[in-house]
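Structure assessment
So you can see what is in the structure, the chains are spelled out below.
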Amino acid sequence: MERKYNKQPKLHIRTGDTVKVIAGNSKGQSGKVTKVLVEKQRAIVEGVNLITKHIKPTAANPQGELKKTEGSIHISNLMLVDPATGQPTRIGRKVNEEGKLQRYSKESGKFIAEPSK
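Residues numbered from 1 in each chain as written. Predicted model: local features only at pLDDT ≥ 70, side-chain atom pairs only at ≥ 80, totals over all residues. Heavy atoms only, no water.

For the chain, the name recorded in an unreviewed UniProt entry is Large ribosomal subunit protein uL24, with Runella slithyformis as its organism. Listed in UniProt under the heading Subunit (unreviewed entry), the comment for the chain reads: "Part of the 50S ribosomal subunit." What UniProt records for the chain under Sequence similarities (unreviewed entry) is the sentence "Belongs to the universal ribosomal protein uL24 family." (UniProt positions renumbered as here; feature names shortened; annotations may be inferred.)

What follows is the structure in structure tokens.
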């Protein structure tokens, strides 16, 4: 039986956030999120989880090349870095003064501003 709607899950990180990798081969590295793949629950982070792609020789590029690019990382292996303290923190959601639901740091208790795109 097919679902009538396809609800996307709420994720704790967004494009533009600074995150730290807490598990996997890139553990301990941090960087800025460039893209979030919501359907797969993965994210691409600048300078983290570098993979080598083999580019075939073409008429424009007869030599071919090896290109280093960022691979995606599962969201569960990333932790948001609190802008106030600079430390990784867990995230919650609560209503702010304007009555809007906003992310906040569970460590410092301060609201986290929307990342600039």
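For the rest of this paragraph, the subject is the nonpolar core. Across soluble globular proteins, you tend to see nonpolar side chains buried next to one another. Ranked by internal contacts, the top residues of the largest apolar core, which has 15 residues, are Ile 13, Val 19, Val 33, Val 45 and Leu 78. Of all elements in the fold, only strand S1 (18–21), strand S2 (30–37), strand S3 (42–45) and strand S7 (78–80) reach the threshold of two or more residues within this core. If we ignore the near neighbours within four places in the chain, the residues touching Leu 78 are His 12, Ile 13, Val 19, Lys 20, Val 21, Ile 22, Ala 43, Val 45 and Ile 73. (Core = buried A, V, L, I, M, F, W, Y, C linked by side-chain atoms within 4.5 Å. Buried < 20%, exposed > 50% of the residue type's maximum accessible area, 1.4 Å probe, protein only. Helix = DSSP H or I, 4+ residues; strand = E, 2+ residues; numbered from the N terminus. Contact = heavy atoms within 4.5 Å.)

This paragraph deals with unusual backbone geometry. Leaving glycine out, the prevailing phi sign among residues is negative, and the prevailing peptide bond configuration is trans. Residues other than glycine seldom take positive phi values, yet Gln 41 does so here, at roughly 55°. Among the structural elements, Gln 41 can be located in the loop between S2 and S3. Judged by relative accessible area, Gln 41 falls into the partly exposed class, the value being 31%. Phi is positive for Asn 49, close to 60°, though the residue is something other than glycine. As for its position among the elements, Asn 49 is in the loop between S3 and strand S4 (50–55).

Before going further, it helps to examine the packing of aromatic side chains. All chains considered together, the criterion is met by zero aromatic pairs. Just above the ring of Tyr 104 sits the side chain of Lys 94; from NZ or CZ to the centre is 4.4 Å. Above the ring of Phe 111, the side-chain terminus of Lys 94 is found at 6.0 Å from the ring centroid. (Phe/Tyr/Trp six-rings, centres within 6.5 Å; stacked < 30°, edge-to-face > 60°. Lys NZ or Arg CZ within 6 Å of the ring centre and 35° of its normal.)

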